Amino acid sequence: MAPIAHPEALAGAEPIDITASRQGRMVVIGMHATVLAPRSVIWATLTDYDNTAKWITGMDRSVVLQRKPGRVVVEQSGSADILFFTITLNVVLEVEEDPPGRIGVKLVRGDFRHLEGEYLLTSVPGVRDRYDLTWKGKLELASPVPGFLAQALLKENVRLRFESLVAEIERRARAAQE
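These figures come from a predicted structure and were not determined experimentally.

About the thresholds
Residues numbered from 1 in each chain as written. Predicted model: local features only at pLDDT ≥ 70, side-chain atom pairs only at ≥ 80, totals over all residues. Heavy atoms only, no water. Helix = DSSP H or I, 4+ residues; strand = E, 2+ residues; numbered from the N terminus. Contact = heavy atoms within 4.5 Å. Buried < 20%, exposed > 50% of the residue type's maximum accessible area, 1.4 Å probe, protein only. Pairing = 2+ DSSP bridges. Axes fitted to C-alpha atoms, helices over the stretch in contact; angles between N-to-C directions.

(A) Geometry of the environment of Ala 150. Turning to its location among the elements, Ala 150 is positioned in helix H2 (residues 147-177). Through-space distance from the C-alpha of Ala 150 to that of Met 26 is 8.8 Å; in sequence the pair is 124 residues apart. Those residues in contact with Ala 150 that sit more than four places away from it in its chain are Val 27, Leu 141 and Val 145.

If you want it as C-alpha cells, here you go:
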C-alpha cells in the first residue's frame, strides 16, 4: 500500500479547497491548491504514471499500457474507504496530455459507470514557480453505494489522493533545489 500523506507532510502547502455535489448518481468534485514548484516538476509528477502508486494514498498499482503522442492509457487499482466500507477500485483510463497546462482523463473501463476529469495548471501572476493546480471531475461508482455515502466516499478519497499529489510535487521541488 502507498504511504499516506499526513498533514505534517503538507506543512509548507497552502490549504486545499474542496467542493463536492451530486447530480443524480454522479458526484462532481473540484480540488484546488496553490503549489510552490517549477512547472517542469509539476508536469513531471502529474505524468509519472508508472510511479504514481508509490506516493498516492490508496493506490496499489499504476501501469502505462499504451503511449502515443499526447495520449496515454493507464491501468490503476487501489481501494477507497468510508466508515465501515472498503471498496476495491480498478480502472483503465485514457489520459490526454496538453502541455503545459492540462491533463484530461476519461474512463475506458473499470469499477465506475462514469469517470471523467481534468487537471489544470495555471501560473500565479507575478510570482515565480507558484502555480494553481486544479482537478475537477465527475464520477459515478458502478457498485450500489447509496448516493450520500458515494459522495462522502469519493470526496474523501479524491481529497487524499490530491493531497498526496501536492505533497509529492513539493517534495520533488525541494529535492531539485538541494
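(B) Structural view of the environment of Arg 22. Inspection of the secondary structure puts Arg 22 in strand E1 (residues 17-23). Take Arg 22: its relative accessible area is 44%, and that puts it in the partly exposed class. For the pair Arg 22 and Leu 153, spaced 131 residues apart in sequence, the C-alpha to C-alpha distance is 12 Å.

(C) Looking closely at the sheet that holds strand E4 (residues 71-82). Read across the sheet, eight strands follow the order E1-E2-E8-E7-E6-E5-E4-E3 without closing on themselves; strand pairing throughout is antiparallel. Every other strand in the sheet has two partners, leaving E1 and strand E3 (59-68) as the edge strands with one partner each. The average undirected angle you get between the axes of adjacent strands in this sheet is 20°. Where strand E7 (residues 112-123) lies against strand E8 (residues 130-141), eleven bridges are found, and the strand directions are antiparallel. Its bridge partner being in E8, Gly 117 is matched across the sheet by Gly 137. Across the face of the sheet, helix H1 (residues 39-46) comes into contact with strand E2 (26-36), strand E5 (85-98), strand E6 (102-110), E7 and E8 while running at roughly 170° to E7.

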